[in-house]
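Remarks on the overall topology
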Amino acid sequence: MIIYFNGQLVPAGDSIVSPLDHGFLYGHGLFETMRAYKGRVFCLAEHLKRLEEAADFLGWPKIPGRVELSMAIASVLSENHLSDASIRLTLSRGIGAARPDPGSCGQPTVAVYASQLPPPLSPAGWHIAIVKLRRNLSSPLVRIKSANYLDNLLAKAEARSRNAQEAIMLNTDGFVAEGAMSNIFYVTEGRLITPDDDSGILPGVTRRMVIELAQAAGIPVEMRQVSLAELIRADEIFLTSSIMEIMPVTACEGKTIGATPAAGVITAKLQTLYRELAARE
């Protein structure tokens, strides 16, 4: 695998992260996961905008510009002869003192790698589990795609131990927040509902696209607090992320969702609309 690392294209095994890098020491980093279709990254500008806003919130003095990052991504896809691919762009605060002092850091460390998409992620649908770990509404970091990802990893591990493919976290007020690696939607009586931005979620790029597609298609959309009881009674549930796109959920806490194991009517319609949008873009 050829990766982009601090301005150069190098074999992945030849890149070295300093033990004084604050991403390594403190998880002080940011990342974006994106999907390429036919060699072009879908919603690239939206991903880079979110990265810039997160870096600004964390007080980083400067990160590489959009042109540089776009060229880095394109070069990695080209060097690895990838067309339909998963891309990970990672920035850390950079090398600094061996103490929690971000002001001691120099330039951010930048890494980009790409890989083939995994096989279809269980197209028949996923099972989800409500896990113990909760999204902390008092922390502003829930809205940032941070390299400090231990909460998500612990949630995912609990879900897997219960034979579920994704973990769903409630927030500290007891309402539904999001998946460990996805946003969540459900359908009740023809209405599409998703936790709002104040529910302790990372506002996903794919989530926003799905909301816009639904609104344009005349599907009523509600963004608000969601109770667990509402979710479990839903007619349809699906998850969204850049890599999985729209993933139907067939069971929540062991309870079957919908009348059949196939995607529900609105879920299937949004899958089609999303793929059409990606093809056009």
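Below you will find a few notes about this structure. (Residues numbered from 1 in each chain as written. Predicted model: local features only at pLDDT ≥ 70, side-chain atom pairs only at ≥ 80, totals over all residues. Heavy atoms only, no water.)

This part is about helix α2 (residues 44-57). Over its 14 residues, α2 runs 20 Å from end to end, which matches the ideal 20 Å to within 8%, given 1.5 Å per residue. Every buried residue belonging to α2 is among L44, H47, L48, R50, L51, A54 and A55, and all of these are buried. For α2, the angular spread of buried residues about the axis comes to 155°, placing them on one side. Of the surrounding secondary structure, the elements contacted by the buried residues of α2 are β3 (29-37), β4 (40-41), α3 (66-79), β5 (85-92) and α5 (205-216). Looking one or two residues beyond α2, the residue adopting positive phi is G59, at roughly 80°. (Helix = DSSP H or I, 4+ residues; strand = E, 2+ residues; numbered from the N terminus. Expected span 1.5 Å × (residues − 1). Buried < 20%, exposed > 50% of the residue type's maximum accessible area, 1.4 Å probe, protein only. Arc of directions from axis to C-beta. Contact = heavy atoms within 4.5 Å.)

Bringing the layout of surface pockets into the picture now. One number sums up the size of the largest pocket: a volume of about 1,000 Å³. Around the largest pocket sit 44 residues that line it, and F31, K145, Y149, A180 and M181 are the ones nearest its centre. Listed by contribution, the elements that provide at least two residues to the lining of the largest pocket are β3, α2, β5, β6 (109-116), α4 (150-161), β9 (176-179), α5 and β13 (236-241). Considering every element that reaches the lining of the largest pocket, the biggest residue donor is α4, with 4 residues. Partitioning the lining of the largest pocket into residue classes produces 17 nonpolar, 17 polar and 10 charged. When residues of the lining of the largest pocket are assigned to domains, at least three map to each of domain 1 (2-116) and domain 2 (126-280). (1 Å grid on protein atoms, 1.4 Å probe; cavity = no way out; pocket = protein on both sides within 12 Å on 5 of 7 lines; lining within 4 Å. Points joined across faces, edges and corners; volume = space filled by probe spheres on them. Nonpolar A, V, L, I, M, F, W, Y, C, P; charged D, E, K, R; others polar. Domains from an automatic or database assignment.)

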